[in-house]
Amino acid sequence: MSKTRVATVWLDGCSGCHMSFLDLDERLLDIAPLIQLVHSPIADVKEFPENVDVALVEGAVSSDEDEEKILKIRERSKILVALGDCSVTSNVPSMRNQFEPNRMLHAIYGDGVIPLGGGPVPTLLRKSRPIHEFVNVDVYVPGCPPPADLIFDTISNLLAGQKREDAPAPKFG
Amino acid sequence: MPAKVITLTIDGRDVSAREDYTILDAAKEANVKIPTLCHLEGLCDVGACRLCMVEVKGIPKLLPACVTKVSEGMSVTTDSERLLHYRMTIVELMFSERNHICSVCVSNGHCELQAMAMRLGVDHMRVPYRYPTLPVDASHERFVLDHNRCILCTRCVRACDEIEGAHTWDVMGRGIDAKVITDMNEPWGKSESCTSCGKCVNVCPTGALFEKGRSVGEMVKRKAFLPYLTQMREGKK
């Protein structure tokens, strides 16, 4: 049986969803034989690969780089999972949406050199938004972060179509 | 004179109810749970949130159960695909209209809007977020008003008026621009009518009104005391 090609992605978030993913602890060993982790911040793969079966995306779309990434992820993945409140609702990153990005950056960093307008630092979009406002999302897993049990339930579901009865209900926050 | 008793059906079940009951009262007595947010036992009903909408046979539009009186032979459906669709949409609109960020909210885990989203299976908002710029009033000595989390249920307005008798709270503006205000839209801390009783804070379903000094997830509202007060004072049902 060929292994399911799984990718995890970290956009504008705190990596808490990835921490929660690692909280699967010994259950990671149950999943490991079934999947091939083809891209992840914990695997340090630079380019998002082709033919991904399941992509778990943490974080909101906040910069032009995020937008580019999410379009590519959608194009190359069969199932796209919005993992955590930032990707589902934009959550904490959206707290800056009331302010104009450049003015906000100057207010925070003062008059120092701020690399605005391209270059090595991505340009902020006017507003930070959830990923489903850019691409079609197949599965939503809200939570800040989603509990490890819920992530396990989601992954098990996608791998075997089996839902665990003791999995927590999805909840924002 | 004792109230007349009438009969109606709720979700296909025959039930009896006093003629002055609302559909919500009758459903409650029959142990049928209709989702609500603006309703609170002990306060008058205003039909603000529309979550309790039900289908009544022979009437094409949906009716709010909290402000619709029962009538003889009425046939009510409280749970259907159509109702779930509208209820989910209402919750999604509430989330997208203001800046509800559960993960940094004092009421995280104790919020009725959050719980309602879970109950109805809302896992994302199908409408775009508005991200309005809204103020936070922390001028009161003990409490804070955060408009970002207000769903305009007006429970605070009614509790202050009907139970405390101060009528510090009111609603200003219309539609999506409406907001709750204290006195004549003055800072809460400068309000001369506010008695600092905290009823408004405790009836608020979200984290819009909260006690100072609470961090994320710490604000547990003490809801039980309000209906109790009403019962003791006026003997209301």
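Up top is the structure.
All residue numbers refer to position in the chain's written sequence, counted from 1. Numbering of ligands from 1 and lettering of chains from A proceed in the order in which they are written. The model is predicted, so local features are restricted to residues of pLDDT at least 70 and side-chain atom pairs to those at 80 or more, both for listing and for counting; the totals for chains, interfaces and linings are taken over all residues. With hydrogens and water excluded, all non-hydrogen atoms of the structure serve as input to the side-chain values.

1. Examining the overall build of chain A
For clarity, the cut-off: The secondary structure listing takes helices from DSSP runs of H or I that are at least 4 residues long and strands from runs of E that are at least 2 residues long, numbered from the N terminus. Atoms considered for the radius of gyration are the C-alpha atoms alone. The globule rule reads 2.2 Å times the number of residues to the power 0.38. Only protein chains enter the accessibility calculation, which uses a 1.4 Å probe; a residue is then buried when its area is under 20% of its type maximum, exposed when over 50%, and partly exposed in between. The contact criterion used is simple: two residues touch if any of their non-hydrogen atoms lie within 4.5 Å. His residues and chain termini do not enter the charge count, which takes Lys and Arg as positive and Asp and Glu as negative. Each charge is placed at NZ for Lys, CZ for Arg, CG for Asp and CD for Glu.
Helix and strand counts for chain A come out as 6 helices and 7 strands. Along the chain direction, N to C, the helices and strands of chain A fall in the order β-α-α-β-β-β-α-β-α-α-β-β-α. Expected size for 173 residues packed as a compact globule is a radius of gyration near 16 Å; at 17 Å, chain A falls within 12% of this value. Per-residue burial over chain A gives 47% buried out of 173 residues. Put simply, 78% of the contacts in chain A that link residues at least 6 apart link residues at least 24 apart. When the 17 basic and 25 acidic side-chain charges of chain A are each reduced to a single mean position, those positions are 3 Å apart.

2. Focus: the side chain of T206(B)
All names here are of chain B. Heads up, the condition is: Here a polar contact means two N or O atoms within 3.5 Å. Within protein one must be a hydrogen donor candidate and the other an acceptor candidate, and residues neighboring in sequence count only if both atoms are side-chain atoms.
Looking at where T206 falls in the secondary structure, it is placed in the loop between helix 5 (199-203) and strand 10 (209-211). Its relative accessible area of 2% is what places T206 among the buried residues. Separated by 2.7 Å, the side chain of T206 and the backbone oxygen of R149 make a polar contact. For T206, the residues in contact, after removing those within four places along its chain, are S107, C111, L113, R149, I151 and K221.

3. Details of the pairing of strand 1 (residues 5-10) of chain B
Residues and elements named next belong to chain B. Threshold: Two strands make a pair as long as DSSP finds a minimum of two bridges between them.
In this sheet, strand 2 (residues 13-18) lies alongside strand 1 in antiparallel orientation, the contact comprising 6 bridges. If you follow I10 over to strand 2, its bridge partner there is R13. Here strand 1 folds back onto strand 2, and the loop between the two strands holds 2 residues, one of which, D11, carries a positive phi near 50°. With 2 bridges joining them, strand 1 and strand 5 (residues 75-77) adopt parallel strand pairing. Counted as the bridge partner of T9 is S75 from strand 5.

4. Examining the interface of chain A and chain B
For the record, the criterion: Criterion for a salt bridge: a side-chain nitrogen of Lys or Arg within 4 Å of a carboxyl oxygen of Asp or Glu. As a working rule, the residues Ala, Val, Leu, Ile, Met, Phe, Trp, Tyr, Cys and Pro are called nonpolar, Asp, Glu, Lys and Arg charged, and the rest polar, with Gly in that last group.
Each partner contributes to the interface: chain A provides 23 residues, whereas chain B provides 23 residues. At the boundary of chain A with chain B, the tally comes to 0 salt bridges. Run the count over chain A and chain B and you get 7 residue pairs in polar contact (both at pLDDT 80 or more). Contributions of two or more residues to the side of chain A that touches chain B are made by helix 4 (85-89) and strand 6 (124-129) of chain A. Tallying contributions element by element places strand 6 of chain A first for the side of chain A that touches chain B, with 3 residues. When the residues that make up the side of chain A that touches chain B are grouped by side-chain class, the tally is 10 nonpolar, 9 polar and 4 charged.

5. Describing the packing of aromatic side chains
Each aromatic ring pair is specified by the distance between its two centres and by the angle formed by the two planes. Residue and element names in this part refer to chain B. Short version of the rule: Here a Phe, Tyr or Trp ring, Trp counted by its six-membered ring, pairs with any other such ring whose centre lies within 6.5 Å, and the pair is stacked when the planes are under 30 degrees apart, edge-to-face when over 60, and tilted otherwise.
For the structure on display, the rule yields 4 aromatic pairs over all chains. With a centroid separation of 5.5 Å and an interplanar angle of 15°, the aromatic rings of Y129 and Y131 are classed as stacked. Neither residue differs from the other here; Y129 and Y131 are each classed as buried. Through successive ring pairs, a cluster of aromatic residues spans F143, W169 and W188.

6. Points about a nonpolar patch on the surface
To keep it simple, the criterion reads: Excluding any residue in a salt bridge, patches collect residues exceeding 30% relative accessible area, merging like charges within 9 Å and nonpolar Val, Leu, Ile, Met, Phe, Trp and Tyr side chains within 5 Å. Per-residue and other accessible areas were derived by the Shrake-Rupley procedure at a 1.4 Å probe size, with only the shown protein chains allowed to occlude residues.
Together, M19(A), L22(A), L37(A) and I42(A) make up a nonpolar patch on the protein surface, roughly 330 Å² of accessible area in all. Mapped onto the secondary structure, L22(A) falls in helix 1 (residues 16-22).

7. What to know about the sheet that holds strand 6 (residues 136-137) of chain B
Adjacent strands of a sheet pair through backbone hydrogen bonds, lying either parallel or antiparallel. Residues and elements named next belong to chain B. With respect to topology, 3 strands assemble into an open sheet ordered 6-7-10, the strand pairing being antiparallel. Edge positions in the sheet fall to strand 6 and strand 10, since each has one partner strand and no second. Where strand 6 and strand 7 (residues 143-146) come together, 2 bridges link them in antiparallel fashion. Across the sheet, the residue bridging to V136 is D146, located in strand 7.

8. Considering helix 3 (residues 64-76) of chain A
All names here are of chain A. This is how the line gets drawn: Expected span, for any helix, means 1.5 Å times one less than how many residues it has.
Between the first and last C-alpha of helix 3 there are 19 Å, a value that for 13 residues agrees with the 18 Å anticipated at 1.5 Å per step. Among the residues of helix 3, D66, I70, I73, R74 and R76 are the ones counted as buried. Its buried side turned inward, helix 3 meets strand 1 (4-10), strand 3 (52-58), strand 4 (61-63) and strand 5 (77-83).

9. What about helix 5 (residues 101-109) of chain A?
Residues and elements named next belong to chain A. Our working rule: The directions considered for the arc run from the helix axis to the C-beta atoms.
Turning to helix 5, its buried residues number three or more, namely P101, M104 and L105. One side of helix 5 holds all its buried residues, which, seen down the axis, span an arc of 100°. Set apart from the buried face of helix 5 by more than 90 degrees, the exposed residues are R103 and A107. Against the buried residues of helix 5 lie strand 6.

10. Points about the side chain of S87(A)
All names here are of chain A. Examined against the element boundaries, S87 turns out to sit in helix 4. Residue S87 is classed as buried on the basis of its relative accessible area of 0%. Polar contacts involving the side chain of S87 include one to the main-chain carbonyl oxygen of V57, which spans 3.2 Å. When neighbours within four sequence positions are excluded, S87 is seen to be in contact with V57, E58, G59, A60, A82, P130 and I131.

11. Focus on the nonpolar core
Test applied: In plain words, nonpolar cores are sets of buried Ala, Val, Leu, Ile, Met, Phe, Trp, Tyr and Cys residues tied together by side-chain atoms within 4.5 Å.
Core analysis: the biggest nonpolar cluster contains 44 residues, and I70(A) and V91(B) have the highest contact counts within it. Among the secondary structure elements, those contributing two or more residues to this core are strand 1, strand 3, helix 3 and strand 5 of chain A together with helix 2 (81-97) and helix 3 (112-120) of chain B. With 6 residues, the single largest contributor to this core is helix 2 of chain B. Once residues within four sequence positions are removed from consideration, V91(B) is found in contact with L51(B), L113(B), M116(B), A117(B), L120(B) and V122(B). Listed in part, the 22 residues of the second largest apolar core include I10(B), Y21(B), M74(B) and V76(B).

Geometric descriptors of this kind do not, in isolation, establish any biological role.
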